[in-house]
Amino acid sequence: MKFIVMINNKGGVGKTTSSVNLAACFAKLGKQCLLVDLDPSASASIHLGFDKSNQAHQTLCDFLLSSDRKLNDYIYPTVQQGLFCLPSEPALSDFYDEIQREEQVDFFLKRSLFSKKYSIVLFDSPPNMGNLALNALAIADYALVPVQTQYLALSGLDLTVKLLDKAKRHLNSSLETLGYFGTQFDRRTNVAKFVLNELQDRFGKKMFKTVIGVNSKLIEAYHAQKPINSYFPSARGAKEYGQLAEEILQRMK
Ligand SMILES: Nc1ncnc2c1ncn2[C@@H]1O[C@H](COP(=O)(O)OP(=O)(O)OP(=O)(O)O)[C@@H](O)[C@H]1O
Ligand SMILES: [Mg+2]
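Not measured: the values here are computed from a predicted model.

How each quantity is defined
- Counting of residues starts from 1 at the beginning of each chain's written sequence and follows it residue by residue.
- Written order decides the labels, with chains lettered from A and ligands numbered from 1.
- Only residues with pLDDT of at least 70 are given local features in this predicted model, and only at 80 or more are side-chain atom pairs given and counted; all residues enter the totals for whole chains, interfaces and linings.
- Hydrogens are left out, water is left out, and the side-chain values use all remaining heavy atoms of the structure.
- Here a residue is considered near a molecule or strand provided that any single heavy atom belonging to it is located within 4 Å of it.
- Between N or O atoms, a polar contact is any pair within 3.5 Å; within protein, one atom must be a potential hydrogen donor and the other a potential acceptor, and residues adjacent in sequence are included only when both atoms are from side chains.
- Segments assigned H or I by DSSP are reported as helices when at least four residues long, segments assigned E as strands when at least two residues long, and all are numbered from the N terminus.
- Just so you know the grouping, Ala, Val, Leu, Ile, Met, Phe, Trp, Tyr, Cys and Pro go in nonpolar, Asp, Glu, Lys and Arg go in charged, and all remaining residues, Gly too, go in polar.
- Note on definitions: salt bridges are taken to be side-chain nitrogens of Lys or Arg within 4 Å of carboxyl oxygens of Asp or Glu.
- Partly exposed residues are those whose accessible area sits between 20% and 50% of the maximum for their type, while under 20% is buried and over 50% is exposed, using a 1.4 Å probe and protein chains only.
- The set of buried Ala, Val, Leu, Ile, Met, Phe, Trp, Tyr and Cys residues whose side-chain atoms join them within 4.5 Å is what this entry labels a nonpolar core.
- Contacts are assigned to residue pairs that have any heavy atoms within 4.5 Å of one another.
- Think of each axis as a best-fit line through the C-alpha atoms, taken over the contacting stretch in the case of a helix, with angles from 0 to 180 degrees between the N-to-C directions.
- Working definition: roughly parallel below 35 degrees, roughly antiparallel above 145 degrees, roughly perpendicular at 65 to 115 degrees, and oblique for all remaining angles.

Quick rundown of the site of ligand 1? Include the residues and the values.
Around ligand 1, the structure places 17 residues, and the nearest of them are Lys15, Thr16, Thr17, Gly213 and Asn215. Between threonine 17 and ligand 1, the recorded distance is 2.6 Å, taken from a side-chain N or O atom to an oxygen atom. The contact in question runs from a nitrogen atom of ligand 1 to an N or O atom on the backbone of glycine 213, over 2.9 Å. Mapped by element, the contributors of at least two residues to the shell around ligand 1 are α1 (15-28) and α8 (216-223). Class assignment for the residues of the shell around ligand 1 results in 6 nonpolar, 8 polar and 3 charged.

What follows is the structure, given as structure tokens:
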């Protein structure tokens, strides 16, 4: 059982798109996978069809407020066989900090809460490094860092790298940065190629070979509330996320 956190404190780099689509690919490759949405904006939950604004399902927030704290009661199957979701909702941002203070605990989510039936638990994190993201870093085996292949992404990345170092020193000495991968790569632009080269120079073997290109089908899949491999399996984005999932599994061995 491996715990992975998708992390980058820059917004809009592809954390959620990558979390949902990689999780669906892991499931398709035969891994029982649980996607935990730690972002109060709930994008990953909505991507998988759990939109609190038009549905009455319970979320991670209800779990925190419950008295018996049985995590399994808040986990739902998805359209992809083998992929499960622990959804989020906006109220999560207030409640997490509040309950943490009230109960005087460092972190709520502990590895022992998760059923051993999952071989991968993947956390989608919010862009800010609040307590929810720190909780995931404290219990994860691996961090995965998506990097948007745009010029400004490089300077912003230092913050994430520093944060990961800090997490390793102070929170979780066994946390390993599994690797970095390029997202929203636009083959037609020189800037994207330049950024990718810089990333390869900087991170060497930690850089995954697979790069996720710009693909409008990924945006459509989000609106259809399905992972790309269910919505449009022949899309380029589906193939690339499938390839990246295989590379990740290989690296975790
Ligand atoms: N490869 C891609 N091709 C085209 N659009 C993409 C791609 N990856 C992500 N997007 C779009 O870019 C936007 C940002 O992506 P996403 O929500 O995954 O980023 P994020 O890092 O989770 O953002 P936040 O930090 O706000 O949570 C979304 O509208 C998404 O649909
Ligand atoms: Mg997101």
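How would you summarise the environment of serine 18 if you had to cite specific residues and measurements?
One can find serine 18 in helix α1. In this structure, the C-alpha to C-alpha distance between serine 18 and alanine 44, residues 26 residues apart in sequence, is 9.5 Å. One polar contact links the side chain of serine 18 to the main-chain carbonyl oxygen of glycine 14, over a distance of 2.6 Å.

How would you sum up the pattern of salt bridges? Please name residues and give values.
As a working rule, side chains carrying opposite charge can pair if their charged atoms are close by. Within this structure, the stated rule accounts for 11 salt bridges. Of the charged contacts, one joins glutamate 220 and lysine 217 as a salt bridge, the two residues approaching to 3.6 Å between their closest N and O atoms. Within this pair, glutamate 220 and its partner lysine 217 are both found in helix α8, separated by 3 residues, close to a single helical turn. On the accessibility criterion, lysine 217 (22% relative accessible area) is partly exposed. A salt bridge links arginine 236 to glutamate 240, with the nearest nitrogen and oxygen atoms 3.6 Å apart. You can see arginine 236 and its partner glutamate 240 sitting in helix α10 (residues 236-252), 4 residues apart, about one turn around the helix. Residue classification places glutamate 240 among the buried residues on the basis of a relative accessible area of 8%.

An account of the nonpolar core is needed here, citing residue identities and associated values.
Membership of the largest hydrophobic core comes to 53 residues, with the highest contact counts inside it found for Ile7, Leu34, Phe114 and Phe123. Non-local contacts of isoleucine 7, meaning those with residues more than four positions away in its chain, are made with Lys15, Ser125, Met129, Ala133, Leu137, Ala143, Leu144, Val145, Pro146, Thr160 and Leu164. By size, the runner-up hydrophobic cluster in this structure holds 36 residues, among which are Val20, Ala27, Tyr76 and Leu244.

Outline the environment of aspartate 186, listing residues and values.
With respect to the helices and strands, the residue aspartate 186 is situated in the loop between β7 (176-183) and α7 (190-203). The spacing of aspartate 186 and glutamine 150 is 36 residues in sequence and 9.1 Å in space, taken between C-alpha atoms.

So what's going on with the packing of α1 against α10? Which residues, and what values?
A packed helix pair is summarised by two numbers, namely the angle formed by the two axes and the spacing between the axes. Orientation of α1 relative to α10, taken along the N-to-C sense of each, is 75°, at an axis distance of 9 Å. In this view, α1 runs roughly perpendicular relative to α10, as classed from their interaxial angle. Of α10, the residues touching α1 (which contributes Thr17, Ser18, Asn21, Leu22, Cys25 and Phe26) are Tyr241, Gly242, Leu244, Ala245, Ile248 and Leu249. Each residue belonging to the contact of α1 with α10 can be placed in one class, and the counts come to 8 nonpolar, 4 polar and no charged.

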